[in-house]
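Listed here are the chains, written in short residue letters.
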Amino acid sequence: MAAPLSTALDVYFTGQHADLKGTSFFTKPLRQNPNRKLVIYCNSSKSKSPQKAPPSFEEPGTKNPSLSEQLKPLTTITLSNSTNEQSPLLSKPKSIWVNPTKPKRSVLALQRQKRSSYSYNPQVRDLRRFAHKLNDSDISEGDFLAALNEMPHPPTRENALLILNSLRPWQKTQLFFNWMKTQNLFPMETIFYNVTMKSLRFGRQFQLVEDLAHEMMNDGIEMDNITYSTIITCARKCNVFHKAVEWFERMYKTGLMPDEVTYSAILDVYARLGKVEEVLSLYERGRASGWKPDPITFSVLGKMFGEAGDYDGIRYVLQEMKSLGVQPNLVVYNTLLEAMGKAGKPGFARSLFEEMIESGITPNEKTLTAVVKIYGKSRWARDALELWERMRQNGWPMDFILYNTLLNMCADLGLVEEAERLFEHMKQSEHCRPDSWSYTAMLNIYGSGGNVEKAMAIFEEMPKLGIELNVMGCTCLIQCLGKTKKFDDLVRVFGISVQRGVKPDDRLCGCLLSAVSQCLESWDENKEEFRGMISNTTNEARRPFCNCLIDICRNKNLNEKAHELLYLGTLYGLYPGLHNKTADEWCLDVRSLSVGAALTALEEWMGTLSRIVQREEALPELFSAQTGTGTHKFSQGLANSFASHVKKLAAPFTQSEEKVGCFVATREDLVLWVKSRIPSSAITA
DNA sequence: ATAGGGTTAG
């Protein structure tokens, strides 16, 4: 349990119900699904290893209360049945026993703060026009203040409020607010601060918002739920999460109960901090207080579980909504779809999407972006194309992010013509003109398809339209030029790209190195250099670099060095899944290797197997080698090269008919092959 | 933006 929250509530409970002080948040019932592994959230604060509850808490058969029991309203729950309060996974060590005769204190006000209603103001049009004129003019502070003298109606409380509400950006709101204070026209009330804070939040001015809050405290102006929720969401927007928590605590200290808006705002803050346990205990405390969360809260929870890639959590959100009779709205569906994608559940995302349509909700751009992205990343070409067709037939809304996501989907699926059609459509559209993302996607599509001419045309077109080239687009093109051995173009493109502001990253360097490997004349390396290079390379780039070096050696007929490098790479853990052994089958998985590295690995494997045969040790029934196959044109080269190398070695591997990108051999054939080679230098270098 | 909370791209 993080200190701040418990502090806040301890402070809140202290003095009112001293016997509740120190009550653990984690003595709450958790959820219906007892299999949920909450231990994965243990990194959020100090040690939270699952603890067994003290024996005195145990009562047989009460560990996993049903959901309906858990959801009993507060009024019907007393802590006399408090073994229900123990979660086997979340009980805090040294929990203080709670007085069982008293119900728990509520943690939020069930009634939302009432807002004062505006009375009709016939001068509203004039005043708004006046404010908009001030907004549009780029005037100095002095001129702004002078212009205030020309207000079309006297600055009464209502009129001033109207103007304050219409001013932007925040600098003008602040000027007007300060002017009002100096004019002493009427007492400054909470609402003026709240409106001003909202404008400051829009401008991400947390410090100024906090200054205003201190001013309110000093001047004795009441801070209400609207004030606190504005401060909290402003802190969240400005990424000063600790400040949001700090003000939430302060709210409790002053004895003000958050209502559901403030409460869901702070839930969101904890969610963004990745403090899943805290969010869940707050949620459950709220539920125990009789709160019926609304769709916004479920959206917060859904987003949190999505970020955690937690499918069980997402299901929990759906289940909670169902059992509380809360119908998901568009935003909730969007959030949950996004979350399903992050949790790697395309099938469930698809059903959820269909359920949403069934319920009569029309998807918007964000919905479709989420689903298109999921189908693309999952390589679900049929679903992706069907969805695209439905989008057109139903006239579902499109925006440029959705267009770009569709382009990326085409890149993922290798749909060149569809991408071209979309791209042309974007060019002719008014509001969805191709931007840097769109052009990058096209470079990706043409580059990965090996279409040099079209990729180069895109590259040339970009500066003419003022489209910035980024490192990803550059990498796609460089890779394509390298693979197709257009080294002169590659050098030229690289030079121009750097001039255009591209900063080479690991991936781009990997592609350059790969290209160099195909044309370099001499390369002097040794183990120490290799070690130095690997340790100076970021983790993700290590394997590609090693692959490139092996390719270089093989291209120079330095096979021995290639084997040495593969050995070193394996030693440094760069090829973790290379060998997979079960009792029945040994598998060599070369899918993350370059062609040279894969051939080297095959030779190495054959050598090892030969030695095992010679020593007459046990071998499995089946041998397989996985090269994989992808939409990327160049990735098909691996299977082809592998096939011809197998042929060259006359090794008994054949391409599997059931499994694409897989080569298989039986023990019998393999042993025969080894024995046929043994007298004549069987073991390959 | 008409005093407060939630969702879109390598």
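Computed from a prediction, not measured in an experiment: that's the story for all the values here.

The rules behind the values
Residues numbered from 1 in each chain as written. Chains lettered and ligands numbered in written order. Predicted model: local features only at pLDDT ≥ 70, side-chain atom pairs only at ≥ 80, totals over all residues. Heavy atoms only, no water. Salt bridge = Lys/Arg side-chain N within 4 Å of Asp/Glu carboxyl O. Helix = DSSP H or I, 4+ residues; strand = E, 2+ residues; numbered from the N terminus. Buried < 20%, exposed > 50% of the residue type's maximum accessible area, 1.4 Å probe, protein only. Expected span 1.5 Å × (residues − 1). Contact = heavy atoms within 4.5 Å. Polar contact = N/O pair within 3.5 Å; in protein donor to acceptor, adjacent residues only side chain to side chain. Phe/Tyr/Trp six-rings, centres within 6.5 Å; stacked < 30°, edge-to-face > 60°.

Novice: Explain the pattern of salt bridges here, please?
Specialist: Note on pairing: side chains with opposite charge can pair once their charged atoms come close. Taken as a whole and assessed by the stated rule, the structure comprises 28 salt bridges. With its nearest N and O atoms 3.9 Å apart, the salt bridge here joins Arg 315 to Asp 312. With Arg 315 and Asp 312 both in helix α14 (residues 311–324), this residue pair falls three residues apart, about one helical turn. Exposure remark for Asp 312: the relative accessible area of 27% places this residue in the partly exposed category. Here Glu 338 makes a salt bridge to Lys 373, at a shortest N to O gap of 3.9 Å. Of this pair, Glu 338 sits in helix α15 (residues 330–342) while Lys 373 sits in helix α17 (residues 365–377), and the two are 35 residues apart along the sequence. For Glu 338, a relative accessible area of 31% translates into the label partly exposed. Assessed through its relative accessible area of 40%, Lys 373 is described here as partly exposed. Members of the salt-bridge network, linked through shared partners, are Glu 210, Lys 243, Glu 246 and Arg 250.

Novice: Just to check I follow, could you spell out the environment of Ala 643 for this structure?
Specialist: Position of Ala 643 relative to the elements: it lies in helix α30 (residues 636–649). The exposure class assigned to Ala 643 is partly exposed, which follows from its relative accessible area of 24%. Once the C-alpha coordinates of Ala 643 and Leu 599 are considered, the two residues, 44 residues apart in sequence, prove to be 9.9 Å apart.

Novice: I would appreciate a short explanation of α15 in the present structure.
Specialist: Note that an α-helix has 3.6 residues per turn; residues three or four places apart therefore point the same way. For α15, with 13 residues, the first-to-last C-alpha span of 18 Å sits near the 18 Å given by 1.5 Å per residue. Among the residues of α15, those classed as buried are Val 332, Tyr 333, Asn 334, Thr 335, Leu 336, Leu 337, Ala 339 and Met 340. The elements touched by buried residues of α15 are α13 (295–307), α14, α16 (346–358) and α17. Of the residues that open α15, the one with a side-chain oxygen 3.2 Å from the backbone nitrogen of Val 331 is Asn 329.

Novice: What is the right way to read the packing of aromatic side chains from this model?
Specialist: For any two aromatic rings, the description comes down to two numbers: the centre-to-centre distance and the angle of the planes. Evaluation of the coordinates by the stated rule reveals 16 aromatic pairs. Measuring from ring centre to ring centre gives 5.0 Å for Phe 248 and Tyr 252, while their planes differ by 90 degrees; the resulting arrangement is edge-to-face. Of this pair, Phe 248 and Tyr 252 both sit in helix α10 (residues 241–253), separated by four residues, roughly a single helical turn. Its relative accessible area of 0% is what places Phe 248 among the buried residues. The interplanar angle of 85 degrees and the centroid separation of 5.3 Å between the aromatic rings of Tyr 263 and Trp 291 together place this pair among those described as edge-to-face. Of this pair, Tyr 263 sits in helix α11 (residues 260–272) while Trp 291 sits in the loop between α12 (276–288) and α13; the two residues are 28 residues apart in sequence, bridging distant segments of the chain. Looking at Trp 291, the relative accessible area reads 3%, which means it is buried. Chaining the aromatic ring pairs together yields one cluster made of Tyr 263, Tyr 283, Trp 291, Phe 298 and Tyr 316.

Without other data, these values stay purely geometric and don't point to any function.
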